[in-house]
Amino acid sequence: MLVAFSVAPSGTPAAGPAPANASVHDAVAAAVKVVRESGLPNRTDAMFTTIEGEWDEVMDVVRRATEAVGHYGERVSLVLKADIRPGYYGELTGKVERLEAALGQAGTAGKEGQE
């Protein structure tokens with residue numbers, strides 16, 4: 001399965017008031033560190049981190065990443081989207097490769113005989 005998720009803290013951290021800079025990059029870094037240390041295939045972009053694996057192992061990583069963000073605020077927001085397709089592996093890159101191939105074919109469609 002593929003799971004794309006985003007976590008962000010809100011409220012006052014347990015250790016005291018939030019810093020003047022309201023950026024959440026430190027909290028997000030804590031979550032991404034958990035993901036990367038998991039050993040599961042993963043990719044992080046500007047909005048989400050996507051991980052690939054079996055249900056139990058993926059959800060365990062999401063739980064631990066969410067808990068890591070919890071140290072930065074009294075509440076945590078979690079957005080999660082899953083593609084559950086049993087028996088398929090390597091889809092973190094495979095889906096993108098198929099999309100790029102389709103785009104390449106789309107770019108040449110209708111150009112035959114125009115040269």
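Residues numbered from 1 in each chain as written. Predicted model: local features only at pLDDT ≥ 70, side-chain atom pairs only at ≥ 80, totals over all residues. Heavy atoms only, no water.

1. Quick word on helix H3 (residues 91-108)
For an α-helix, the turn length of 3.6 residues means that residues three or four places apart are oriented alike. Helix length check: H3 (18 residues) gives 25 Å between terminal C-alpha atoms against 26 Å at 1.5 Å per residue, within 8%. Taken together, the buried positions of H3 are occupied by Glu91, Leu92 and Gly94. Buried-residue contacts for H3 involve strand E1 (2-10), strand E2 (42-44) and strand E3 (49-52). (Helix = DSSP H or I, 4+ residues; strand = E, 2+ residues; numbered from the N terminus. Expected span 1.5 Å × (residues − 1). Buried < 20%, exposed > 50% of the residue type's maximum accessible area, 1.4 Å probe, protein only. Contact = heavy atoms within 4.5 Å.)

2. A few points about the pattern of salt bridges
Where side chains of opposite charge bring their charged atoms close, a pairing between them can arise. Evaluated as defined, the whole model comprises seven salt bridges. Of the charged contacts, one joins Asp60 and Arg63 as a salt bridge, the two residues approaching to 2.4 Å between their closest N and O atoms. One end of the pair, Asp60, and the other, Arg63, are both in helix H2 (residues 55-69), three residues apart, so they sit about a helical turn from each other. By relative accessible area, which is 28% here, Asp60 ends up partly exposed. Relative accessible area serves as the criterion here: at 41%, Arg63 is assigned to the partly exposed category. Of the charged contacts in the structure, one is a salt bridge between Asp83 and Lys95, with a shortest N-O distance of 2.5 Å. Pair noted here: Asp83 is in strand E4 (residues 75-83) and Lys95 is in helix H3, with a separation of twelve residues, a long-range link. The class for Lys95 is partly exposed, based on a relative accessible area of 36%. Each of Asp60, Arg63, Arg64 and Glu67 takes part in one network of salt bridges that share partners. (Salt bridge = Lys/Arg side-chain N within 4 Å of Asp/Glu carboxyl O.)

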